[in-house]
Amino acid sequence: MKHEDGEGRRVVAFATGVGNFTEWFDFAIYGFLAATLGRLFFPGASPAASLLASLAVFGVAFFMRPLGGFVLGAVGDRLGRRALLTLSIGLMGLSTTLIGVLPTYGTAGLLAPVLLVLLRCLQGFSAGAEWTGSAAFLIEHTPVDRRGRFASVVSATAALATCVGGLLVLALEVSLGPDQMAAWGWRIPFLVAVPLTAVGTWVRLRIDETPVFRRLVEAGERAEAPLRQSGRDVRAIALTFAFSSVQGLGFYYLATYVITYLTATVELSRPRALVLVATGLVCYALLCPLAGAVSDRLGRRRVNLVGGLGLAVVAVPAFALMGTGTAAGVIGGMVLFAVFQSMVSVTTVCMLVELFPAQTRSTSSSIGFNLGLALIGGPGPLVAAAIASATGSSTLPALYMVVVAAVATLALVRWLPEVGGTRLDAVGPRASLVGQDTTEG
């Protein structure tokens with residue numbers, strides 16, 4: 001079955017979205033259960049220290065992302081985008097399921113946190129290829145004038161997966177109570193990975209390889225050594241590091257840190273905080289298609305720069321609003337943040353594809369993207385929580401976001417080219433920057 005007509009592209013978008021939802025649901029539920037996991041796997045310390053230890057394990061996964069990007073990204077350039085995504089979702093499902101059956105510290109002692117760290121590393125390894133792989137798979141199927149709108153599927157489904165994960169945790173906490181939740185209820189969200197992974201894998205296996213990769217195969221132009229050949233993409237990788245640092249940090253502030261912030265710093269009840277965060281994430285998901293459409297009209301560069309500079313300006317006011325603890329303040333602050341985050345996120349999805357030549361696109365985009373998340377974005381929740389714990393301030397945790405967004409975006413003002421409309425099937429050094437494309441893929 002070929003998927004190059006309008007209906008076919010919607011099928012591709014659905015398949016990408018289902019798999020991406022599964023991947024990020026699996027990855028995000030750890031963040032919502034961070035406090036519970038801290039008590040179960042890192043006992044004996046103060047609640048704040050246990051939480052910080054659990055969040056540190058959350059951050060550990062990001063240091064495995066570059067390795068996953070190197071290895072799995074090369075799979076995408078050698079064996080195809082579909083093979084990469086199928087392998088990625090399988091590894092994520094396996095690691096998440098195993099977390100759900102781990103013994104806790106009370107049962108296994110030090111072995112329990114060691115196993116938790118190892119499985120989080122495997123999650124990070126898998127996630128190292130999901131975002132960039134989904135971007136390539138989707139955009140290489142998409143007409144040039146609608147890439148931004150289709151790219152919003154990746155950003156929106158990641159947010160919706162986080163939202164659903166949070167609501168599932170809330171439902172369990174309310175229905176089971178703290179004792180049963182600590183005894184066995186925390187395992188349920190991780191075990192949901194089994195059916196989700198099965199469905200996501202089945203859907204992805206039914207979709208054709210992208211037309212861009214098929215043309216590479218037919219022309220005999222696949223990269224023989226993607227990692228070595230990615231050395232020709234150094235400038236694009238550096239640019240990707242910059243905008244991915246802003247995108248990753250903003251997303252994990254919005255999707256992971258805010259729930260910790262509302263419960264630990266603002267001192268809202270956990271059920272109230274989860275409902276408010278879920279509402280804010282739905283608003284963000286709805287903003288993503290609009291941001292994509294604007295980038296199709298105005299270009300990636302302009303929209304990304306406005307988004308990055310906007311985050312630097314509004315992060316502190318957004319946290320000040322959320323710090324009021326009122327429903328209007330929390331949702332208003334999240335939406336204010338989300339307006340600019342959606343611009344950065346959707347353009348990031350597009351530029352991960354449009355900046356790179358077809359031969360090394362999967363490998364090179366994974367390197368830049370995952371280095372940004374490992375070094376800057378992933379540690380964000382831990383850095384913000386540490387700032388809040390040390391200062392007791394409800395606004396100072398935003399400063400890390402302000403500094404990263406300002407520094408990275410000022411660099412992008414100087415060096416980021418406009419890549420909207422570039423050819424996706426060109427090959428060779430910087431080939432994706434040499435011509436315009438008015439056809440799909």
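The rules behind the values
Throughout this description, residue numbers start from 1 for each chain and increase along the sequence as written. Reporting in this predicted model follows two pLDDT cut-offs: at least 70 for local features of residues, and 80 or more for side-chain atom pairs to be given and counted; totals over whole chains, interfaces and linings ignore these cut-offs and use all residues. Side-chain numbers here rest on the full set of heavy atoms in the structure, without hydrogens or water. Under the DSSP-based scheme used, a helix requires at least four consecutive residues in state H or I and a strand at least two consecutive residues in state E, with every element numbered from the N terminus. Note that the radius of gyration is over C-alpha atoms, with the globule rule given as 2.2 Å times the number of residues to the power 0.38. For every residue, the accessible area (1.4 Å probe, protein chains only) is compared with the maximum for its type, and the residue is labelled buried under 20%, exposed over 50%, or partly exposed between those bounds. Pairs of residues are marked as contacts when any of their non-hydrogen atoms sit within 4.5 Å. Surface accessibility in these figures is a Shrake-Rupley result with a 1.4 Å probe; residues are shielded only by whichever protein chains are displayed. In this charge count, Lys and Arg are treated as positive and Asp and Glu as negative; neither His nor the chain ends contribute. Taken as the charge centre is NZ of Lys, CZ of Arg, CG of Asp or CD of Glu, depending on the residue. Fitted lines through C-alpha atoms serve as axes, helices being fitted only where they are in contact, and the angles separating the N-to-C directions of these axes extend from 0 to 180 degrees. Reported orientations rely on four angle classes, namely roughly parallel under 35 degrees, roughly antiparallel over 145, roughly perpendicular from 65 to 115, and oblique for the rest. Handedness of a helix crossing follows the sense of rotation of the near helix relative to the far helix, less than a right angle counterclockwise being left-handed and clockwise being right-handed. When residues are sorted by character, Ala, Val, Leu, Ile, Met, Phe, Trp, Tyr, Cys and Pro go into the nonpolar class, Asp, Glu, Lys and Arg into the charged class, and all the rest, Gly among them, into the polar class. Counted as salt bridges are all cases of a side-chain nitrogen of Lys or Arg within 4 Å of a carboxyl oxygen of Asp or Glu. Definitions used throughout: a 1 Å grid over protein atoms alone; a cavity as a set of points that fits a 1.4 Å probe which cannot get out; a pocket as an open set with protein on both sides within 12 Å along at least five of seven lines; a lining residue as one with an atom within 4 Å of a point. Grid points are joined across faces, edges and corners, and a volume is the space filled by probe spheres set on the points. Every helix has an expected span of 1.5 Å times one less than the residues it contains. Here, nonpolar core means buried Ala, Val, Leu, Ile, Met, Phe, Trp, Tyr and Cys residues that are tied together by side-chain atoms lying within 4.5 Å of each other. Between rings of Phe, Tyr and Trp, where Trp is taken as its six-membered ring, a pair exists when centres lie within 6.5 Å; planes separated by under 30 degrees are stacked, by over 60 edge-to-face, and by other angles tilted. Throughout this description, the term charge over a ring refers to an Arg CZ or Lys NZ atom that lies within 6 Å of the ring centre and within 35 degrees of the ring normal. Here the term patch refers to residues with relative accessible area over 30% and no salt bridge, with like charges joined within 9 Å and nonpolar side chains (Val, Leu, Ile, Met, Phe, Trp, Tyr) within 5 Å. Scored from 0 to 100, pLDDT reflects the predictor's confidence in each residue.

**Section: the overall build of the chain**
- When helices and strands are tallied, the chain shows 18 helices and 0 strands.
- Relative to the compact-globule value of 22 Å for 441 residues, the chain shows a C-alpha radius of gyration of 21 Å, a close match.
- Considering only C-alpha atoms, the chain reaches an extent of 60 × 40 × 40 Å along its principal axes.
- In the chain, buried positions account for 62% of the 441 residues.
- Sequence separation of 24 or more characterises 84% of the internal contacts of the chain that already satisfy a separation of 6 or more.
- About 15,100 Å² of surface is accessible on the chain, with carbon and sulfur atoms providing 69% of the total.
- In the chain, 31 positive and 24 negative side-chain charges are present, and the distance between their average locations comes to 4 Å.

**Side note on the packing of helix α14 (residues 300–322) against helix α15 (residues 327–354)**
- In the contact formed by α14 and α15, the axes pass within 8 Å of each other and the chain directions differ by 155°. As far as their axial angle goes, α15 and α14 are roughly antiparallel. Pair α14 / α15 crosses with left-handed handedness.
- When its residues are assigned to classes, the contact of α14 with α15 shows 18 nonpolar, 10 polar and 2 charged.

**Thoughts on the pattern of salt bridges**
- Following the criterion strictly, the structure yields 10 salt bridges and no others.
- Between R146 and D145 there is a salt bridge whose closest N-O contact spans 3.9 Å.
- Classification of R146 as partly exposed rests on a relative accessible area of 33%.
- Where R300 meets E354, a salt bridge forms, and the shortest distance between an N and an O atom there is 2.9 Å. With a gap of 54 residues between them, R300 in helix α14 and E354 in helix α15 connect regions that are remote in the sequence.

**Looking at empty space enclosed by the protein**
- Taken as a whole and judged by the stated rule, the model has 2 cavities of 30 Å³ or more.
- Listing elements by their share of the lining of the second largest cavity, those giving two or more residues are α12 (234–265) and α16 (361–377).
- The leading source of residues in the lining of the second largest cavity is α12, at 4 residues.
- Counted by class, the lining of the second largest cavity contains 6 nonpolar, 2 polar and 1 charged residues.

**Some remarks on helix α18 (residues 399–415)**
- Helix length check: α18 (17 residues) gives 24 Å between terminal C-alpha atoms against 24 Å at 1.5 Å per residue, within 8%.
- All of the buried residues along α18 are Y400, M401, V402, V404, A405, A408, T409 and L412.
- Elements that come into contact with the buried residues of α18 comprise α12, α14, α15, α16 and α17 (380–391).

**Quick notes on the environment of P66**
- Looking at where P66 falls in the secondary structure, it is placed in helix α3 (residues 47–78).
- Sequence spacing of P66 and V407 is 341 residues, and the spatial spacing of their C-alpha atoms is 22 Å.
- With residues near it in sequence (within four places) discarded, P66 still touches N370, L371 and A374.

**What to know about the nonpolar core**
- Membership of the largest hydrophobic core comes to 122 residues, with the highest contact counts inside it found for F41, Y253, L262 and M401.
- A total of 17 residues in this core trace back to one element, the largest contributor, which is α12.
- Discounting chain neighbours no more than four positions away, the residues touching L262 are E267, L268, A273, V277, M322 and V330.
- Counting 5 residues, the second-largest nonpolar core is a separate cluster that includes L72, L84, F125 and A129.

**So, the packing of aromatic side chains**
- Counted by the stated rule, this structure contains 13 aromatic pairs.
- Judged by centre distance (5.8 Å) and plane angle (90°), the rings of F41 and W186 are edge-to-face. Taken as a pair, F41 in helix α2 (residues 34–41) and W186 in the loop between α7 (147–185) and α8 (187–191) lie far apart in primary sequence, 145 residues in all.
- Owing to a relative accessible area of 1%, F41 belongs among the buried residues under this scheme.
- A relative accessible area of 0% means that W186 is categorised as buried.
- Centroid distance Y253 to F319: 5.7 Å. Interplanar angle 80°. Geometry classified as edge-to-face. Of this pair, Y253 sits in helix α12 while F319 sits in helix α14, and the two are 66 residues apart along the sequence. Both residues of the pair, Y253 and F319, count as buried.
- R120 extends its terminal NZ or CZ atom over the ring of Y30, reaching a point 4.5 Å from the ring centre.

**Observations regarding a nonpolar patch on the surface**
- Taken together, the side chains of L94, L98, V101 and L191 present a nonpolar region at the surface, about 320 Å² in accessible area.
- Tracing the sequence through the fold places V101 in the loop between α4 (81–100) and α5 (105–108).

**Digging into the confidence of the model for the chain**
- In this model, the chain carries a mean pLDDT of 89, and residues with pLDDT of at least 70 account for 93%.
- This stretch, residues 428–441, has a pLDDT under 50; its non-local contacts, to residues over four places away or in other chains, come to 47 contacts.

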